[in-house]
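Fold and geometry: a report
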Amino acid sequence: MNRMAMFLNLLAYSTVVGQPLFYLLALTQAQRALSGSAYVELRQRINAVMSRRVPLIYLTTLVTSSSLLALSWRAGDRMVLTTTFLAFVCLVVDVVLMMRENVPINTVIDRWSPIDPPEDWHAYREKWFAIFGYRQIILLVG
């Protein structure tokens, strides 16, 4: 088994999982305490940064996971194959939820004015957090 492939996959996957852990520990509660204007401005700033970085992080993780799957299959290492497959499936489910649910909400929020957010801004925030909560669980399982 290629230990370097295992290390790279673990590093990539832990980078992906680091985001939901940070949200779980601090950012969710902090964002819930913000006013509408502050929330919209923060979300827009986060979206601008994450829309550039997240695709690369996820692509790297998908590539390292796929490589580790192939190597563990070839080596006949059932434990690594099984755990890597579970992590890979969880990652794919996370990507699907992110693209189908969170990204469209981010797109809507990016069009809002921080000075005058819509009256139902908190409903969008709660839906975003609910979907992200599911994604947190899925990634932590992976």
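Above this text is the structure in question.
Now for a description of the structure that goes with this document. Throughout this description, residue numbers start from 1 for each chain and increase along the sequence as written. Note on the predicted model: pLDDT of at least 70 is required for a residue's local features to be given, and 80 or more for side-chain atom pairs to be given and counted; whole-chain, interface and lining totals, by contrast, use all residues. Computation of side-chain values: all heavy atoms of the structure, hydrogens and water removed.

1. Examining the overall build of the protein
We count a stretch as a helix when DSSP gives it H or I for four or more residues in a row; a strand needs E for two or more, and each element gets its number in order from the N terminus. In terms of regular secondary structure, the protein is built from four helices and zero strands. What you see in the protein, going N to C, is helices and strands ordered as α-α-α-α. Dimensions of the protein, computed from the C-alpha atoms along their principal axes, are close to 60 × 25 × 25 Å. Taken over 142 residues, the protein has a buried fraction of 36%. Contact between two residues is taken to exist if any of their heavy atoms lie within 4.5 Å; hydrogens are not considered. Counting only contacts in the protein whose residues sit at least 6 apart along the sequence, the fraction spanning at least 24 positions is 79%. Per-residue and other accessible areas were derived by the Shrake-Rupley procedure at a 1.4 Å probe size, with only the shown protein chains allowed to occlude residues. Here the protein has roughly 8500 Å² of accessible surface; of this, 67% comes from carbon and sulfur atoms. Each charge class in the protein was averaged separately, 13 positive and 9 negative side chains, and the resulting centres sit 11 Å apart. Relative accessibility thresholds used throughout: buried, under 20% of the residue-type maximum; exposed, over 50%; partly exposed, between the two (1.4 Å probe, protein chains only). Only four residue types enter the charge count: Lys and Arg as positive, Asp and Glu as negative, with His and the chain ends excluded. For this purpose, a charge sits on NZ of Lys, CZ of Arg, CG of Asp or CD of Glu.

2. Things to note about the packing of aromatic side chains
Aromatic contacts are taken between Phe, Tyr and Trp rings whose centres are within 6.5 Å, Trp giving its six-membered ring; a plane angle under 30 degrees counts as stacked, one over 60 as edge-to-face, and the others as tilted. Tallied over the full model, the rule gives six aromatic pairs. On the numbers, 5.5 Å between centres and 40° between planes, the contact of Tyr23 with Trp128 is tilted. Of the two residues, Tyr23 is situated in helix α1 (residues 3–32) and Trp128 in helix α4 (residues 121–141); the sequence distance between them amounts to 105 residues. Each member of the pair Tyr23 and Trp128 is classed as buried.

3. Some remarks on the side chain of Thr84
Note that Thr84 resides in helix α3 (residues 78–110). Among the residues examined, Thr84 registers a relative accessible area of 5% and is labelled buried. Beyond its immediate sequence surroundings of up to four residues, Thr84 is in contact with Asn9, Ser65, Leu68 and Leu69.

4. Thoughts on the nonpolar core
The biggest cluster of nonpolar side chains holds twelve residues, and these are Tyr23, Leu27, Tyr39, Val40, Ile46, Ile105, Ile109, Trp112, Trp121, Trp128, Phe129 and Phe132. Those elements giving two or more residues to this core turn out to be α1, α2 (36–75), α3 and α4. Excluding its chain neighbours within four sequence positions, the residues that come into contact with Val40 are Ile109, Trp112, Ser113, Pro114 and Pro117. The set of buried Ala, Val, Leu, Ile, Met, Phe, Trp, Tyr and Cys residues whose side-chain atoms join them within 4.5 Å is what this entry labels a nonpolar core.

5. Notes on the pattern of salt bridges
Oppositely charged side chains can pair when the atoms bearing their charge come close. Only one rule defines a salt bridge in this text: a Lys or Arg side-chain nitrogen within 4 Å of an Asp or Glu carboxyl oxygen. A full pass over the atoms with the stated rule returns five salt bridges. A salt bridge links Glu41 to Arg45; the shortest N-O distance between them is 3.1 Å. Placement of both Glu41 and Arg45 in helix α2 is noted, with a separation of four residues, approximately one turn of the helix. On the accessibility criterion, Glu41 (38% relative accessible area) is partly exposed. The closest approach of N and O atoms between Glu126 and Arg125, which form a salt bridge, is 3.2 Å. What you see here is one network of salt bridges that share partners, running through Arg32, Arg125 and Glu126.

6. Considering the side chain of Asn9
Along the chain, Asn9 falls in helix α1. Classification of Asn9 as buried rests on a relative accessible area of 7%. In this structure, Asn9 is in contact with Thr61, Thr64, Ser65, Leu68 and Thr84, ignoring residues within four places of it in sequence.

Shape descriptors only; they carry no functional weight alone.
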